[in-house]
Amino acid sequence: MDISFNQVSYTYQPNTPFEHHALKDLSFTIPSGSFVAVVGHTGSGKSTLIQHLNGLLRPTAGKVQIGDYHLMANKKVTSIKSLRKHVGVVFQYPEHQLFEETIKKDIAFGPRNFNTPQAEIEKRIPEVMAAVNLPLAILERPPFDLSGGQMRRVAIAGVLAMDPSVLVLDEPTAGLDPKGQQQIMDMFYQLHQEKKLTTILVTHSMEDALRYADHMIILDHGSKYMEGRPVDIFKEKEKLQAVQLDLPEIIHFLRRIEERFGISIPYRKQTMAELATEIKTKLKGVSKHE
Amino acid sequence: MNNGILIGQYVPSDSFIHRLDPRTKIMTIFFFVIFVFFANSTLSYAWLTLFALTVTFATKIRFIFILKGLTPVWFLIVFTFLLHLFVTKEGTVLIEAFALKIYSGAIIQGVAISFRFFLLILVTSLLTLTTTPIEITDAIESLLHPLKKIKFPVHELALMMSISLRFIPTLMQETEKISKAQASRGVDFRTGPLKDRIQAVVPLLVPLFVSAFKRAEELAMAMEARGYQGGEGRTKLRELKMETIDIISLITFAVVILVLFFLRT
Ligand SMILES: Nc1ncnc2c1ncn2[C@@H]1O[C@H](COP(=O)(O)OP(=O)(O)OP(=O)(O)O)[C@@H](O)[C@H]1O
Ligand SMILES: [Mg+2]
């Protein structure tokens, strides 16, 4: 589903002393099938933005379009539930939403609400358990005596089981160990490619934005600050630092190499090993000419 | 979530009312609430209104905002007025329609009582608007201090109060977060038959209880780890202190009350 924001503004508690303009005149489009990273400083409006994607919030001005669904200030959406079926949202700390007696029931909760046939649910459960890398043996256990990381995986499985076509992720790996973070992000990326999902990822990790996203939106105080391909965005170090964002380590490293040896290596999602070989060959080339 | 509902909400500002010692404010309001019932003439009502409005404007909070915040209470005020209108049977009959007789005394009574009600709510809402919950708790602990002599657990009561107050916003945020998460998983809290809507509360309540218990346990451990062992010998970070401005305020209020008694008929 194509997604577009057209001059969207959102104000929390309008006409009170607590009035807060969380989004200001925001416009962008996300073509179906793209992987978009939304980044910005704490409080820049990222979570507010993504709550517009499944109609939890309606813009106070402007228009949000998700496929055939239109969200506007004064128009109630009648088909909000079918919109939510298509847009799966993994919130910050999703493990807080677990409540069923068993893991299996909790995963089935979403699809059941959307009237998915029981046979289909039974089929999806092992698939999503495999995707989040949890053993099927724990399905009948209550979700509350798992570790935090495992609970997170169960919660994610519960969203994936809805089989959404748009996947919205609000810092899905915050507070996990580094290896778990990588695993979960790789899993999302794989799903994104296999199922041709449209993925919107809110993240504080420039590394993740660079590695996974093909488009990036940077928010600052509720307004769009920059937008473009991550490789292009990360060329503008000073502009990023003005809003307290850093370059990913690898870009930083490649810049230093360029300054030091005068060889430029464009970033093409190389692995560490590939990069090392590339640097070696290029450096050898430089020294041979001398 | 809490759009527009103001009762119990603190609005920061730099007015002198905000800076007053919370005990001054609580005592003033306590006595105001009592003395409102002594007003019995137009003049005495006008005098108390003047006082209430002066204080309201001194808080520097937009008046329209305060009035809007009282919206849920308007219903009660109007209800009180109507009740008196139809029930009181004093004075001369003014209007007679169907089986109803409206007396002149009823109108006077109705206006007086509902106006009294309005003054009470306005002034008490000023307390919570200009005083943080923590200040209120500290003040209550300090004002109730004499009760310690009769083994009344003043400190424990104040601690319980401040912990509950501290966690109300957290709990509200949590409720909002979880209800959004469950709405995203297809729960419908707003429409559908009553039975479904009651069932929809389960996915909201269970996580709330789980996190509330977890939080309570963590808090208890954190308090113990930091050496909390009850109120005995515990000092305070925020010492309450009566300043000159508090004395002046209390004296002014006493004068207001004295004048009230002259204006009574
Ligand atoms: N329910 C609310 N009522 C009032 N203001 C709110 C509410 N929710 C968020 N805000 C304000 O809106 C602004 C944007 O919040 P938002 O949660 O979208 O930020 P964010 O970019 O997701 O931050 P973070 O990186 O910390 O998650 C913040 O300044 C916040 O204080
Ligand atoms: Mg956020």
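Here the structure is a predicted model, which means the values were calculated and not measured.

Now for the interface of chain A and chain B. In this complex, chain A contributes 27 residues to the contact, which on the side of chain B involves 22 residues. A buried area of about 2,100 Å², summed over both sides, lies between chain A and chain B, and 60% of it is on carbon and sulfur atoms. Counting across the interface, chain A meets chain B through 1 salt bridge. At the boundary of chain A with chain B, the tally comes to 6 residue pairs in polar contact (both at pLDDT 80 or more). Elements represented by at least two residues in the side of chain A that touches chain B include exactly α2 (80–86) and α3 (103–113) of chain A. Here the element with the most residues in the side of chain A that touches chain B is α3(A); it accounts for 4 residues.

Under the present numbering, the feature "transmembrane region" (unreviewed entry) in UniProt falls on residues 29–53, 65–87, 107–129 and 244–263 of chain B. Structurally, residues 244–263 of chain B comprises 100% helix and 0% strand, and the distance from its first C-alpha atom to its last is 29 Å.

This part is about the domain arrangement of chain A. Residue and element names in this part refer to chain A. According to the domain assignment, chain A consists of domain 1 (3–247) and domain 2 (248–290). A separation of 34 Å is found between the C-alpha centroids of domain 1 and domain 2. The tally of links between domain 1 and domain 2 comes to 0 salt bridges. When residues in the side of domain 1 that touches domain 2 are grouped by element, the largest group, 5 residues, is from helix α7 (residues 206–212). Its residues placed into classes, the side of domain 1 that touches domain 2 shows 8 nonpolar, no polar and 5 charged.

For the rest of this paragraph, the subject is the sheet that holds strand β4 (residues 61–66) of chain A. Residues and elements named next belong to chain A. If you walk across this open sheet you meet the 4 strands as β2-β1-β4-β5, and the pairing is antiparallel. The sheet is open, and its two borders are formed by β2 (20–30) and β5 (69–72), each paired with just one other strand. Across the sheet, the axes of successive neighbouring strands diverge by a mean angle of 20°, strand direction being ignored. Examined bridge by bridge, strand β1 (residues 3–12) and β4 share 5 bridges and lie antiparallel to one another. When the sheet's bridge partners are listed, S4 is paired in β4 with Q65.

Residue and element names in this part refer to chain B. Taken as a whole, this structure holds 19 aromatic pairs over all chains when the rule is applied. On the basis of an interplanar angle of 80° and a centroid distance of 5.3 Å, the ring pair of F30 and F31 is categorised as edge-to-face. We classify F31 as partly exposed; its relative accessible area is 36%. Centroid distance F35 to F38: 5.4 Å. Interplanar angle 45°. Geometry classified as tilted. A relative accessible area of 31% places F38 in the partly exposed class. Grouped by ring-pair contacts, the aromatic residues F30, F31, F35, F38 and F261 constitute a single cluster.

We now examine the sheet that holds strand β7 (residues 166–170) of chain A. Residues and elements named next belong to chain A. On the basis of which strands lie adjacent, the open sheet formed by 6 strands has the order β6-β7-β8-β3-β9-β10 and mixed pairing. Each edge of the open sheet is held by one strand with a lone partner, namely β6 (87–90) and β10 (223–228). For this sheet the average axis-to-axis angle between neighbouring strands, irrespective of direction, equals 15°. Of the strand pairs in this sheet, β7 and strand β8 (residues 198–202) are connected by 5 bridges, and their pairing is parallel. Bridge assignment links V168 to a residue of β8, and that residue is I200. Packing of helix α5 (residues 148–160) onto the sheet brings it into contact with β6 and β7, and relative to β6 it is tilted by some 170°. Against the sheet, helix α6 (residues 178–194) touches β3 (35–40), β7 and β8, its axis set at about 140° to β3.

Right, let's talk about the site of ligand 1 for a bit. Close to ligand 1 lie 16 residues; G43(A), G45(A), K46(A), S47(A) and T48(A) are nearest. Neighbouring residues of ligand 1 are not confined to one chain but are distributed across chains A and B. In the environment of ligand 1, an oxygen atom lies 3.3 Å from a nitrogen or oxygen atom belonging to the side chain of Q92(A). With respect to ligand 1, the side chain of H204(A) contributes an N or O atom lying 3.1 Å from an oxygen atom. Considering every element that reaches the shell around ligand 1, the biggest residue donor is helix α1 (residues 46–50) of chain A, with 3 residues. By residue class, the composition of the shell around ligand 1 is 2 nonpolar, 11 polar and 3 charged.

Definitions and cut-offs
- Residue numbers run consecutively from 1 along every chain, following the written order of its sequence.
- As they are written, the chains are lettered A onward and the ligands numbered 1 onward, keeping that order.
- The predicted nature of this model means local features are confined to residues of pLDDT at least 70 and side-chain atom pairs, given and counted, to a pLDDT of 80 or more, with totals for whole chains, interfaces and linings taken over all residues.
- Hydrogens are left out, water is left out, and the side-chain values use all remaining heavy atoms of the structure.
- When checking whether two residues touch, look at their non-hydrogen atoms; a contact exists if any pair is within 4.5 Å.
- The quantity reported as buried area is the accessible area (1.4 Å probe) lost by two parts once they are put together, taken as the sum for both.
- Any Lys or Arg side-chain nitrogen found within 4 Å of a carboxyl oxygen on Asp or Glu counts as a salt bridge.
- Within 3.5 Å is the distance limit for a polar contact, defined as a pair of N or O atoms, with the added protein rule that one can donate a hydrogen and the other accept it, and that residues adjacent in sequence qualify only through two side-chain atoms.
- Only DSSP runs of H or I reaching four residues or more are called helices, and only runs of E reaching two or more are called strands; each is numbered from the N terminus.
- UniProt positions are given in the numbering used here, feature names are shortened, and annotations may be inferred rather than shown by experiment.
- Residue ranges for the domains originate in an automatic or database domain assignment.
- When residues are sorted by character, Ala, Val, Leu, Ile, Met, Phe, Trp, Tyr, Cys and Pro go into the nonpolar class, Asp, Glu, Lys and Arg into the charged class, and all the rest, Gly among them, into the polar class.
- A pair of strands counts as paired when DSSP detects no fewer than two bridges linking them.
- The axes are straight lines fitted to the C-alpha atoms, using for helices just the contacting stretch, and the angles between their N-to-C directions are given from 0 to 180°.
- Only Phe, Tyr and Trp rings take part, Trp by its six-membered ring, and two of them pair if their centres are within 6.5 Å. Stacked means planes under 30 degrees apart, edge-to-face means over 60, and tilted covers everything else.
- Burial classification: accessible surface area is computed with a 1.4 Å probe over protein chains only, and a residue below 20% of its type maximum counts as buried, one above 50% as exposed, and the rest as partly exposed.
- Whether a residue is near a molecule or strand is decided by its heavy atoms; if any one of them lies within 4 Å of it, the residue is near.

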